[in-house]
Amino acid sequence: MLKLSEVHQIFEQGTINEKHVLKGIDLDVEQGDFITIIGGNGAGKSTMLNAIAGNFVITSGKIEIDNTDVTRMPVYKRAKHIGRVFQDPRMGTATDMTIEENLAIAYRRGKPRTLKWGITNKERDYFREVLSQLDLGLENRLKDKTRFLSGGQRQALTLLMASFHHPKILLLDEHTAALDPKTAAKVLELTVKIVGENKLTAMMVTHNMRDALRVGNRLIMMNKGNCILNINAEEKKGLDVPDLLNMFEKASGEKMENDRMLLD
Amino acid sequence: MSLFINAGAQGLLWAVMAIGVYITYRILDIADLTAEGCFTLGAAVTCRLITGGVSPLVSTVAALGAGLVAGLVTGVLHTKFKIPALLAGILTMTALWSVNLRVMGKSNIPLLKKGTLLTMLSDMGLEKDVAAIVAGLILTVLVIAFLWWFFNTETGYVIRATGDNKNMISAQGVDTNKTIIIGVMLGNGLIALSASLVAQYNSFADISMGIGTIVIGLASVIIGEVVFGKRNILHSLIAVALGSVLYRIIIAIVLKLGLRADDMKLISAVMLVIALCFPGVRDMVTKNLKNSVKRGGSQNA
Ligand SMILES: Nc1ncnc2c1ncn2[C@@H]1O[C@H](COP(=O)(O)OP(=O)(O)OP(=O)(O)O)[C@@H](O)[C@H]1O
Ligand SMILES: [Mg+2]
């Protein structure tokens, strides 16, 4: 489904600021996997997701989606297969456009953008229906600009936009990190629901160890540009947070350092 | 009273230029200096063609076409060659100076007694400024109606989203190079179109008539938005057109107070400075400038 082979990313190569951020990542993601990713500050988690999405061309290595080599494909072409929700709630929507306009843009992802009307009444009805399932009261605010939404509402909206048309891969980068605990829990619950109902393949970076264990079928630990642990569904079931910390220390030879990490 | 009619005429003729600036500056979030050269280009093309015996209507459409091409150059420099938008615009503007001289063959083309779109109206019995108001109004309404439709199409949606959030729109599968190019072309096409009408009103094209275009455009956009608001795209377009008229009225009043026509550019700049002294206004303007100086890429770390 998604395959990373020997992926290296070196930023600003050849300068004094050179940074070797991904150091030969190998990863095989199967159809239907829901992988949670944890790791310390600067481990390269976001960089790995950016590499998969195509924000930059990796320094070396290969990325394949469904056996197609996408290593050099730009973001907008890969977007046909990839849905994304970012850590910063402002990143996922056009803030000066309305909720329905944002949804309509996402709803027509992968189709050529023509001179047809940007939204139809039928779409509007459909959006109202899916929004009402979010239970955030957004179904009555189709014509509000998204700048007026709360962080949680925006993330829920972005999640909806990312999962229209069942992308092959859903990339979630700490998408609940900027939210208060209650909203974060709600958005996570929604994530699990959407991924489950649509049988999506997903990768989710989180700093919440408990979420990382509770959600998904696989877990990856990253440290300094390497995947140091790759835990499969069987192994994952019996683990608790202290186990996870122990495993991290054993594999990396140091303590987990992440100033946002939640241990309970 | 005639002072206001004159200001209204100029405001409406220049309104389409202000709308062009609004498209690059507000919708695309790019400070595009192509405007300065592009305005002269529109006037130059129109006057050269009209003096060559081409019909005023065709000459006007040709100006629009020339503006689209100028925008295409800046758009390609910015997106394909990754040159910061501000610099890309300066490059095109500079190159256009020579292009404009080539088009005109000299630094000033008077239209003398040649027929123009405006004389066609005055031949019907309208006074010069009234004819300008009628022509400006028709053009402005047509342009606003067109843009209202265009920015509500699929393509219009993704162009608006490009200026709003590049990150989001490329994640939604849109090639932002394409949308930026279309937007910059559209903006400059309208600037040249407006210049064409202005030249027909003034009965001449001059090599330096584009100087100050961007300041006048920005002043109109900001005055329009501050005074009339910006609830949605249609509302904004109308506000910018009215802003252009208001700008001319302010200028007319200042001139009436004893300043000379030569002081126009100084007055324009000072007006913009005064507008920028309002904190909210300053924030929205400097944010845009910063974005234009930065390179196009969007990264998520
Ligand atoms: N575009 C870039 N240019 C230069 N360096 C970068 C770039 N993007 C990321 N880095 C560097 O790569 C390293 C890894 O960053 P990354 O954001 O992938 O870490 P992370 O695992 O997501 O950390 P966090 O938990 O803090 O989000 C950091 O040192 C960062 O400064
Ligand atoms: Mg990160």
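Residues numbered from 1 in each chain as written. Chains lettered and ligands numbered in written order. Predicted model: local features only at pLDDT ≥ 70, side-chain atom pairs only at ≥ 80, totals over all residues. Heavy atoms only, no water.

> Even after reading the chapter, I still don't get the sheet that holds strand 1 (residues 2-11) of chain A, so can you show me in this structure?
The pairing of strands in a sheet comes from backbone hydrogen bonds and takes either a parallel or an antiparallel form. All names here are of chain A. The strand order 2-1-4-5 describes an open sheet built from 4 strands, whose pairing is antiparallel. Only two strands of the sheet have a single neighbouring strand rather than two, namely strand 2 (19-29) and strand 5 (68-69). Two strands pair when backbone bridges link them, and strand 1 and strand 4 (residues 60-65) are joined in this way by 5 bridges, in the antiparallel orientation. Residue pairing for strand 4: Ser 5 is matched across the bridge by Lys 62. Contacting strand 1, strand 2 and strand 4, helix 1 (residues 45-53) crosses the sheet at an angle of about 65° to strand 2. (Pairing = 2+ DSSP bridges. Helix = DSSP H or I, 4+ residues; strand = E, 2+ residues; numbered from the N terminus. Contact = heavy atoms within 4.5 Å. Axes fitted to C-alpha atoms, helices over the stretch in contact; angles between N-to-C directions.)

> Just to check I follow, could you spell out the environment of B:His235 for this structure?
Residue and element names in this part refer to chain B. With respect to the helices and strands, His 235 occurs in helix 11 (residues 233-256). Separated by 116 residues in sequence, His 235 and Thr 119 have C-alpha atoms that sit 32 Å apart. Sequence-distant contacts of His 235, defined by excluding residues within four places in its chain, comprise Phe 228, Gly 229 and Lys 230. Looking at His 235, its side chain comes within polar contact range of the side chain of Arg 231, at 3.2 Å. (Polar contact = N/O pair within 3.5 Å; in protein donor to acceptor, adjacent residues only side chain to side chain.)

> Which parts of the structure should I look at to understand the site of ligand 1?
The immediate surroundings of ligand 1 are formed by 17 residues, with A:Gly42, A:Gly44, A:Lys45, A:Ser46 and A:Thr47 found nearest. The residues that come close to ligand 1 belong to more than one chain, namely chains A and B. A:Lys19 is positioned with one of its side-chain polar atoms (N or O) 3.3 Å from an oxygen atom of ligand 1. A distance of 2.5 Å is found between an oxygen atom of ligand 1 and a side-chain nitrogen or oxygen belonging to A:Thr47. Protein contact buries 75% of the 630 Å² of open area that ligand 1 shows by itself. (Near = heavy atom within 4 Å. Areas by Shrake-Rupley, 256 points an atom, 1.4 Å probe, with all protein chains shown as cover.)

By themselves, these observations are geometric and do not establish any function.
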